[in-house]
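So you can see what is in the structure, the chains are spelled out below.
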Amino acid sequence: KYTLYVPNTPEAKHRRMPVLMLLHPHGFDVLKEGHEHWDAILKLAAREMFMIVMLIGVNRAFNVDLGLRAAPGKPDEVAYAQAVLKEISFRYCIDERRIFCTGLSNGGRLCLRLASEMHGVFSAMAVISSLRYPSPNHATSPMRLI
């Protein structure tokens, strides 16, 4: 389950667009909370022509602990992110060189895990209140981190 914003312009259907993946903090319901904050980023996405995809964690949480590991028997968030990006790339023209991830707290930890597990997919990341290092780290190249 995820939400997707694509600029509603004729150009959007024919031009490669960057993708911003937004990952929520633990306990935050993106479908019910924070709408007053989405307006500004949606206007920015419309003006600058980029897509926004918000992954939604099971029970409003992503399966990633403080060490950036997944708990056994719980959702595979890496496979989830890969499947979502694959699905939107089939439906829309995305710029695969400009896929970004940003997250807060639990969502930021998932960004960092995705950087480790999905090498070469993300161009840069911005994490808030979540700086951790994966152990083990599977990244094969440096990641731009804000």
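The coordinates are above.
Residues numbered from 1 in each chain as written. Predicted model: local features only at pLDDT ≥ 70, side-chain atom pairs only at ≥ 80, totals over all residues. Heavy atoms only, no water.

With that settled, consider unusual backbone geometry. Despite not being glycine, Met-49 has its phi angle at roughly 60 degrees, a positive value. Along the chain, Met-49 turns up in the loop between helix H1 (35–48) and strand E3 (51–55). In the Ramachandran plot, Ser-105 falls in the positive-phi region, its phi being about 55 degrees despite a non-glycine side chain. Position of Ser-105 relative to the elements: it lies in the loop between strand E4 (94–104) and helix H3 (106–117). (Helix = DSSP H or I, 4+ residues; strand = E, 2+ residues; numbered from the N terminus.)

Take the nonpolar core next. Counting residues in hydrophobic clusters, the biggest one holds 41 residues, and the most contacted among them are Met-21, Leu-23, Leu-55, Leu-114 and Phe-122. Mapped onto this core, the elements with two or more residues apiece are strand E2 (17–23), H1, E3, helix H2 (77–91), E4, H3 and strand E5 (124–128). The residues touching Met-21, leaving out its near neighbours within four places in the chain, are Val-53, Leu-55, Ala-81, Leu-85, Phe-100, Cys-101, Thr-102, Leu-114 and Phe-122. (Core = buried A, V, L, I, M, F, W, Y, C linked by side-chain atoms within 4.5 Å. Buried < 20%, exposed > 50% of the residue type's maximum accessible area, 1.4 Å probe, protein only. Contact = heavy atoms within 4.5 Å.)

To continue, consider the environment of Gln-82. Inspection of the secondary structure assignment puts Gln-82 in helix H2. Spatially, the C-alpha atoms of Gln-82 and Leu-114 are 9.3 Å apart, while their sequence positions differ by 32 residues.

Take H3 next. Helical geometry: 3.6 residues make up each α-helical turn, so side chains three or four residues apart lie on a common side. In a regular helix each residue adds 1.5 Å, so 12 residues correspond to 16 Å; H3 covers 16 Å between its end C-alpha atoms and thus fits that length. Within H3, burial applies to Asn-106, Gly-107, Gly-108, Arg-109, Leu-110, Cys-111, Leu-112, Arg-113, Leu-114, Ala-115 and Ser-116. (Expected span 1.5 Å × (residues − 1).)

A word on the environment of His-24. Among the structural elements, His-24 can be located in the loop between E2 and H1. The exposure class of His-24 is buried, given its relative accessible area of 4%. Sequence-wise, His-24 and Thr-102 are 78 residues apart; in three dimensions their C-alpha atoms are separated by 8.9 Å. Other than its neighbours up to four places away in sequence, His-24 contacts Val-30, Leu-55, Ile-56, Gly-57, Arg-60, Ala-61, Phe-62, Leu-104, Asn-106 and Gly-107.

What follows concerns the side chain of Thr-102. Of note, Thr-102 is situated in strand E4. Thr-102 gets classed as buried once you look at its relative accessible area, which sits at 18%. A distance of 2.7 Å separates a polar side-chain atom of Thr-102 from the backbone oxygen of Ala-126. What Thr-102 contacts, discounting residues up to four positions off in sequence, is Leu-20, Met-21, Leu-22, Leu-23, Cys-111, Ala-126 and Ile-128. (Polar contact = N/O pair within 3.5 Å; in protein donor to acceptor, adjacent residues only side chain to side chain.)

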